Amino acid sequence: MHLAIYVLSMAVLWILYIFLFKATETPDVSDVVNGGMTFGKFTILITLLWTVLIIFHCLFVYKLNNTMLEKEIKRLQKEVKKQEELKKSLQEQKREQEN
């Protein structure tokens, strides 16, 4: 989900830059001297920062945090087992009622 939001947001940001701001951004002396933040620099900065955050998020969730994943898998397996037991008991009750 986070990756999809990232891709869509980056696409919108870069499309805005390319079609609306790229032609109007001409560096002048005040930008160079004052270190002005143009939309292009802002776009690059946001892309780099968000990319780093997505990479760390992916590493944390899928690589470094195996114990949480294992706990969730065990919890789901227990839930499936309970549902199977409930299904068996309901089938047995149905058979008893038929007899």
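Residues numbered from 1 in each chain as written. Predicted model: local features only at pLDDT ≥ 70, side-chain atom pairs only at ≥ 80, totals over all residues. Heavy atoms only, no water.

K.L.:
Whenever I open this one, the overall build of the chain confuses me. Can you help?
P.N.:
Counting its regular elements, the chain contains four helices and zero strands. In sequence order, the chain lays out its α and β elements as α-α-α-α. Out of the 99 residues belonging to the chain, those deemed buried represent 11%. In the chain, the share of contacts with a sequence separation of at least 24, taken over all contacts with a separation of at least 6, comes to 62%. Approximately 8900 Å² of the chain is accessible, and the part contributed by carbon and sulfur atoms is 67%. (Helix = DSSP H or I, 4+ residues; strand = E, 2+ residues; numbered from the N terminus. Buried < 20%, exposed > 50% of the residue type's maximum accessible area, 1.4 Å probe, protein only. Contact = heavy atoms within 4.5 Å. Areas by Shrake-Rupley, 256 points an atom, 1.4 Å probe, with all protein chains shown as cover.)

K.L.:
Which parts of the structure should I look at to understand the pattern of salt bridges?
P.N.:
Pairs may arise between side chains of opposite charge once their charged atoms sit close together. Taken as a whole, this structure holds two salt bridges when the rule is applied. The shortest N-O distance in the salt bridge between glutamate 72 and arginine 75 comes to 2.7 Å. Placement of both glutamate 72 and arginine 75 in helix H4 (residues 66–98) is noted, with a separation of three residues, approximately one turn of the helix. In this structure glutamate 72 comes out as partly exposed when scored by relative accessible area, which is 36%. A salt bridge links glutamate 79 to arginine 75, with the nearest nitrogen and oxygen atoms 3.4 Å apart. Taken together, the residues glutamate 79 and arginine 75, both in helix H4 and four residues apart, mark about one turn of the helix. (Salt bridge = Lys/Arg side-chain N within 4 Å of Asp/Glu carboxyl O.)

K.L.:
Looking at this model, I keep getting lost on a nonpolar patch on the surface. Mind explaining?
P.N.:
On the surface, Val12, Ile15, Leu16, Ile18, Phe19, Leu20 and Phe21 cluster together into a nonpolar patch covering about 680 Å² of accessible area. Position of isoleucine 18 among the secondary structure elements: in helix H1 (residues 2–21). (Patch = residues over 30% accessible without salt bridge, like charges linked within 9 Å, V, L, I, M, F, W, Y side chains within 5 Å.)

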